[in-house]
Structure formats: structure tokens, C-alpha cells
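What follows is each chain in one-letter form.
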Amino acid sequence: MDLSTVLQNTLSPDHNTRQQASAMLEEAARSAGLASYLTTLIGLLSTDSQAAPVRIAAGLAAKNALLNRRDAVKQAELAQRWLELSHDCRTGIKAASLHALSASSAPVGTTAAQIVAAIGCIELPAQQWPELLPALVNNMMAQGGGVNVKRASVEAIGFVCEESERIGVMLEQHANAILTAVVNGMQSSEPAAVQVASCKALSNSLEFAHSAFSHPNERAFIMQRVCEAASRWGEEELAVNAFQCLVRIVNIYYP
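Every value quoted in this text rests on a predicted model; they were computed, and no experiment measured them. (Residues numbered from 1 in each chain as written. Predicted model: local features only at pLDDT ≥ 70, side-chain atom pairs only at ≥ 80, totals over all residues. Heavy atoms only, no water.)

(A) Layout of the confidence of the model for the chain. Summary statistics for the chain give a mean pLDDT of 90 and a share of 97% for residues scoring 70 or more. Within the chain, helix H6 (residues 87–100) carries the highest mean pLDDT (96), whereas helix H10 (residues 164–167) carries the lowest (68). (pLDDT = per-residue confidence, 0-100. Helix = DSSP H or I, 4+ residues; strand = E, 2+ residues; numbered from the N terminus.)

Structure representation (C-alpha cells):
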């Protein structure tokens, strides 16, 4: 049974089929080795001709091989295994993951964003992959950029910013560019999906936005965009996320 069929079976409504497929995935990871396993999974994720459910399942399996938020010791082990892979292997996986951000299926793009962020949260604290955040910001700011790549890129920014305590300095170095990108993504001329993703990313990036909020003009610009988003009653998801963002801003910057 090839890996794409195994991945498809992990989504089966039948419990036994799912359980068997999960066991086969674990065996594939052990027998193939991390480099081959991840390369195959990311290859499936980034192949446009693959069915979306298979691409998503491949991405989630890859993310699980890179990220374990529940166990810090296990996460350290996963990070070390990743960093021990060859430079060429890691570069290929990162390039394919970035390519998958432009997937026409929104869930596939979101899955790619999670993988990009998982790798970034390993490499950025190790002072590696310095091109990541500029690349994501460029995707957001590019004139005529596609909706899908913009939405997935700003999701990836938001996922990375969620780990600000671990990444710290690297995020602060790119804070202005990140804030500019996500605030621009909230403007009404952007598609609704991009606005919502940008609002979530802004909320996740507030912890290191001290410099922007210390300058009246920058603070006023950010607050104007958030309040405008909160007033769009016809777009409930956006308005809800904007109000949640306002609560975080008040708690952090308006004691």
C-alpha cells in the first residue's frame, strides 16, 4: 500500500481503518528515516494534482513529526532530529512547504502554513532560516498577489507569532514589517478571508509590538484598522476577531 492510500485511510470514518493506517504511518516513519519520510509527505502536500484530503493528511503527519506542544522534552528531541538533517534536505522541504501556501484549497494552504511555522519555530531560535519572515511578508505585500497565498502566508505569520516567547529576538527584528503586512491585510479592499487571517495574526503579534504602540501615529493607524474591522457587522467572523484583538490590545497597552 502506497503512502497516499495510507494517508487517505487515516481520514476513514471506520475506526479500525484509521487505527491501522496510523500504525502504518508510524512504521513508515521508523523504517524510512526522518529525511525520507518528511520529503515524501511534503512532496504529497505540495503536489497540486493530489486530492486535497490526501494533501492535508500528509501535511498533518509531517507537522506531527516536527511539533509536540504538550511535551517540552519531546519537542526538544523533534527539533534536534530536524536540525540534524542535511542542509539540502531541509532546504528542499522548506521550499516545497512555501510553495504549498499557494494551494487553491484553503485547508491545504492552512496546513502548509502550520508546517512552515513548525519549521520556523525550530530554526528561527537557532538563528537559521532568516529568509522566512521576509518571504511571508513579501507574499502579503506583493501587488496583485493571489488571495490563497496571501491568506496562507499571513496565517503562517500568525502561527509563528504565537511562539514569540521561544523565538523572541528574531521576531522583534522583523516586528515593523510584520505589523505593516498584517495591518494592511485588514483593509477593506482585501478579500474577507485575508482580513480575518490578518486580524488573527495581529492579535498573535501584539506581544512584541511595543515599539509601534509607543509612537502615536503608528498606534493610531493600527487602532483605526482594528476598529474599522470591528464595525463590519455584515462580516461576523471578522468583527468577532477584531473585538478579540481589541481586548488583547487593551489588556497589554491600555492599563
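(B) Region of interest: the pattern of salt bridges. Counted by the stated rule, this structure contains 9 salt bridges. A salt bridge links Asp48 to Arg55; its shortest N-O distance comes to 3.4 Å. Take Arg55: its relative accessible area is 4%, and that puts it in the buried class. Because the salt bridges share partners, they merge into one network encompassing Arg90, Lys94 and Glu123. (Salt bridge = Lys/Arg side-chain N within 4 Å of Asp/Glu carboxyl O. Buried < 20%, exposed > 50% of the residue type's maximum accessible area, 1.4 Å probe, protein only.)

(C) Seen up close, the nonpolar core. In this structure, Leu7, Leu38, Ile178 and Leu202 are the most contacted members of the largest nonpolar core, which totals 83 residues. Per-element accounting of this core gives the leading share, 9 residues, to helix H7 (residues 106–123). Those residues in contact with Ile178, other than ones at most four positions away along the chain, are Leu133, Val137, Ile157, Cys161, Leu171, Ser205 and Phe208. (Core = buried A, V, L, I, M, F, W, Y, C linked by side-chain atoms within 4.5 Å. Contact = heavy atoms within 4.5 Å.)

(D) Unusual backbone geometry, seen in detail. The phi dihedral of Gln127 is positive, around 60°, even though this residue is not glycine. Topologically, Gln127 is positioned in the loop between H7 and helix H8 (132–141). Positive phi, close to 55°, is recorded for Trp129, a residue that is not glycine. Residue classification places Trp129 among the buried residues on the basis of a relative accessible area of 7%.

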